[in-house]
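What follows is the residue order along each chain.
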Amino acid sequence: MDVSFDQLRSMVIFAQVVEQGNFSAAAKHIGLSRAVVSYHIKKLETQLGIKLLNRSTRSIALTEAGEQYYQRCRSIAEQASAANQQIENLKSEAIGLLKITCPVNLGLQAVIPALNDFKKLHPKIELDVMLSDERINILQEGIDLAVRGAPLPDSGLQAIKLTSLQTCLCAAPAYLAKHGLPTSPADLSKHNWVIYKLTSGEIALRKGSRNYSIKVNGTISTNNAAARTVFVEGGHGLGRVPLYDAQPKIHASSLVRILEDYTLPNIDVYGVYPPGSASSKKLRLLLDFLLEYFRAYSN
């Protein structure tokens, strides 16, 4: 069976519908209307003479034939993307758009300054930066790179470790004046904590060969790291704070570092990206730049 250019387009749209999970998300991702996406799927099923998708008001599911057909359609879309990347890599200067997401506080403190320097080196690369502490589906949102302070849980994605960030335990002088200074790990569970919701409710410490795991509770919790630090600085409890965030406030005497002779696990920062996209020249340049930048940043 011969394949027309229009059918090739329908096949790519079909692959996007499957990957995005529904017609509306696929339409938004591709930049078409939902009606146009629906038209292409119906036309494709008519041309093939077989049903590819089972539809309901809220979801879609592949038929057996649709599952097999999707694998071929996805391969076509990936080959087209690889062809574009190959041409891009032949250009003397990297150009194009990079969509990046990272946590708010880490972004403002470290990633944005890095991107500022990167943009000066590569003025023809466009940057679209989304700061969010929520876990974003980078495939659905078309993200090129997600900077994350956690190991990679997403199947089908690739990751590279960019750096490790030190953390420390802190409190405001006013809080310690009222509630006392913890002098041992056992004291930590007796105190109020400002809880960062994206981490576990336990604090791990190490001194010499001994490890400690302390369960902590608090009357304030937040999903934003910057807000966590503000609440700790405001005297509402103890907090585990990244050293890059705490140090200026320690020097300004608005925070006090506690149990300094104990060490805490570092936060490993990863660059997460879709499979195969690291061959893109612009993304490769950014990853290499961030590795060098954070190597200098952590020294």
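Okay, so let's go over this structure.

Rules used throughout
- Residues numbered from 1 in each chain as written.
- Predicted model: local features only at pLDDT ≥ 70, side-chain atom pairs only at ≥ 80, totals over all residues.
- Heavy atoms only, no water.
- Pairing = 2+ DSSP bridges.
- Helix = DSSP H or I, 4+ residues; strand = E, 2+ residues; numbered from the N terminus.
- Axes fitted to C-alpha atoms, helices over the stretch in contact; angles between N-to-C directions.
- Contact = heavy atoms within 4.5 Å.
- Disulfide = S-S within 2.5 Å.
- Buried < 20%, exposed > 50% of the residue type's maximum accessible area, 1.4 Å probe, protein only.
- Parallel < 35°, antiparallel > 145°, perpendicular 65-115°, else oblique.
- Nonpolar A, V, L, I, M, F, W, Y, C, P; charged D, E, K, R; others polar.
- Expected span 1.5 Å × (residues − 1).
- Core = buried A, V, L, I, M, F, W, Y, C linked by side-chain atoms within 4.5 Å.
- Salt bridge = Lys/Arg side-chain N within 4 Å of Asp/Glu carboxyl O.

Moving on, we get to the sheet that holds strand 4 (residues 125-131). Taken in spatial order, the five strands make up an open sheet running 4-3-5-14-6, and their pairing is mixed. Pairing within the sheet leaves two strands with one partner each, and these edge strands are strand 4 and strand 6 (158-165). Taking the axes of each pair of neighbouring strands and ignoring which way they run, one obtains an average angle of 20° across the sheet. Of the strand pairs in this sheet, strand 6 and strand 14 (residues 267-273) are connected by seven bridges, and their pairing is antiparallel. In the sheet register, Q158 faces strand 14, and the bridge partner there is Y273. Contacting strand 3 (96-102), strand 4, strand 5 (145-148), strand 6 and strand 14, helix 5 (residues 104-121) crosses the sheet at an angle of about 175° to strand 4.

For the structure on display, the rule yields zero disulfides. With no disulfide of its own, C170 has C168 as its nearest cysteine by sulfur position, at a separation of 3.4 Å. Among the residues examined, C170 registers a relative accessible area of 0% and is labelled buried.

Here helix 2 (residues 23-30) crosses helix 3 (residues 34-48) at 110°, and the two axes come no closer than 8 Å. The orientation of helix 2 with respect to helix 3, classified from their angle, is roughly perpendicular. Each of F23, S24 and A27 in helix 2 lies in contact with helix 3, whose residues at this interface are R34, V37, S38 and I41. Broken down by class, the residue content of the contact of helix 2 with helix 3 amounts to four nonpolar, two polar and one charged.

So, about helix 5. A rise of 1.5 Å per residue sets the reference length of helix 5, with its 18 residues, at 26 Å; its end C-alpha atoms lie 24 Å apart and thus fit the reference within 8%. Three or more residues of helix 5 are buried, namely V104, N105, L106, G107, A110, V111, A114, L115 and F118.

Take the pairing of strand 3 next. The pairing of strand 3 with strand 4 spans seven bridges and is classified as parallel. Paired with T101 across the strands is M130, a residue of strand 4. Where strand 3 lies against strand 5, two bridges are found, and the strand directions are parallel. Counterpart to T101 in the pairing with strand 5 is A146.

Core analysis: the biggest nonpolar cluster contains 26 residues, and L106, L145, V147, L286 and L290 have the highest contact counts within it. For this core, the secondary-structure elements that each account for two or more residues are strand 3, helix 5, strand 5, strand 6, strand 14 and helix 10 (281-297). With eight residues, the single largest contributor to this core is helix 10. The residues contacting L286, other than those within four sequence positions of it, are L98, I100, L115, F118 and L145.

This part is about the pattern of salt bridges. Any two side chains of opposite charge can pair, so long as their charged atoms come close to each other. Summed over all chains, the structure comprises nine salt bridges. D245 is paired through a salt bridge with K249; the nearest N and O atoms lie 3.5 Å apart. A residue pair is termed a helical-turn pair when its members lie 3 or 4 positions apart in one helix, as D245 and K249 do in helix 9 (residues 243-251) at four residues.

Read these as spatial facts, not as claims about activity.
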